[in-house]
Amino acid sequence: MANELVFDSKLHSEKNLAWWLYFAHAASLLFSLGALSWIPLIINYVKRQDAADTFVYSHHNWQIRSFWWYLLWMFVGGALFLTVIGIPLAFVVWGLAWLWKAYRLIKGLVDLNDNKAMPA
């Protein structure tokens, strides 16, 4: 038996919002190294419950977790930067955190486009 995904206007609207939020997070990552990601983050928190019981809910969680982990690693890099010896390591941490966040945004966008839920 084939599984069919039935779209209604509410689900379509929720999916479009998640799509735009991925792009807002990506624009923030590209133009401010993620410093302005708090704007789409607030929208993720506010609109997440509207997407309850849909695969889009997992995408809001994915974006929220991506933000907080990225912020943690940016602070770790900042703490390393405060030491003279840790400065080169700080740039490595920041670079890897940026690549990891970019990967998560791309992965989320691709899975959203394929109507797949994100892993918990």
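Note that the structure is a prediction, hence the values are computed from the model and not measured.

**Describing helix H2 (residues 38–48)**
Line of reasoning, step 1. For H2, the full list of buried residues reads Pro40, Leu41 and Asn44. Buried positions in H2, seen along its axis, are confined to an arc of 110° and lie on one side of it.
Line of reasoning, step 2. Tucked into the core, H2 has its buried residues touching helix H1 (9–32) and helix H3 (55–81).

**Looking at unusual backbone geometry**
Line of reasoning, step 1. Of note in this structure, Leu33 is not a glycine but carries a positive phi near 55°.
Line of reasoning, step 2. Residue placement: Leu33 occurs in the loop between H1 and H2.
Line of reasoning, step 3. Despite not being glycine, Asn115 has its phi angle at roughly 60°, a positive value.
Line of reasoning, step 4. Tracing the backbone shows Asn115 in the segment after helix H4 (87–113).
Line of reasoning, step 5. Accessibility expressed as a relative area gives 25% for Asn115, which makes it partly exposed.

**Regarding the packing of aromatic side chains**
Line of reasoning, step 1. On inspection of all chains with the given rule, the structure shows 6 aromatic pairs.
Line of reasoning, step 2. When the ring of Phe81 is compared with that of Phe91, the centres are 5.8 Å apart and the planes differ by 85°; the resulting orientation is edge-to-face. With Phe81 in helix H3 and Phe91 in helix H4, this pair connects stretches of sequence that are 10 residues apart.
Line of reasoning, step 3. Owing to a relative accessible area of 49%, Phe91 belongs among the partly exposed residues under this scheme.
Line of reasoning, step 4. Arranged with centres 5.4 Å apart and planes meeting at 85°, the rings of Phe91 and Trp94 form a pair that is edge-to-face. Here the residue Phe91 and the residue Trp94 both occupy positions in helix H4, the gap between them amounting to 3 residues, near one helical turn.
Line of reasoning, step 5. The residue whose ring lies beneath Arg104 is Trp62, and the NZ or CZ to ring-centre distance is 3.6 Å.

Scoring rules and cut-offs
Residues numbered from 1 in each chain as written. Predicted model: local features only at pLDDT ≥ 70, side-chain atom pairs only at ≥ 80, totals over all residues. Heavy atoms only, no water. Buried < 20%, exposed > 50% of the residue type's maximum accessible area, 1.4 Å probe, protein only. Helix = DSSP H or I, 4+ residues; strand = E, 2+ residues; numbered from the N terminus. Arc of directions from axis to C-beta. Contact = heavy atoms within 4.5 Å. Phe/Tyr/Trp six-rings, centres within 6.5 Å; stacked < 30°, edge-to-face > 60°. Lys NZ or Arg CZ within 6 Å of the ring centre and 35° of its normal.

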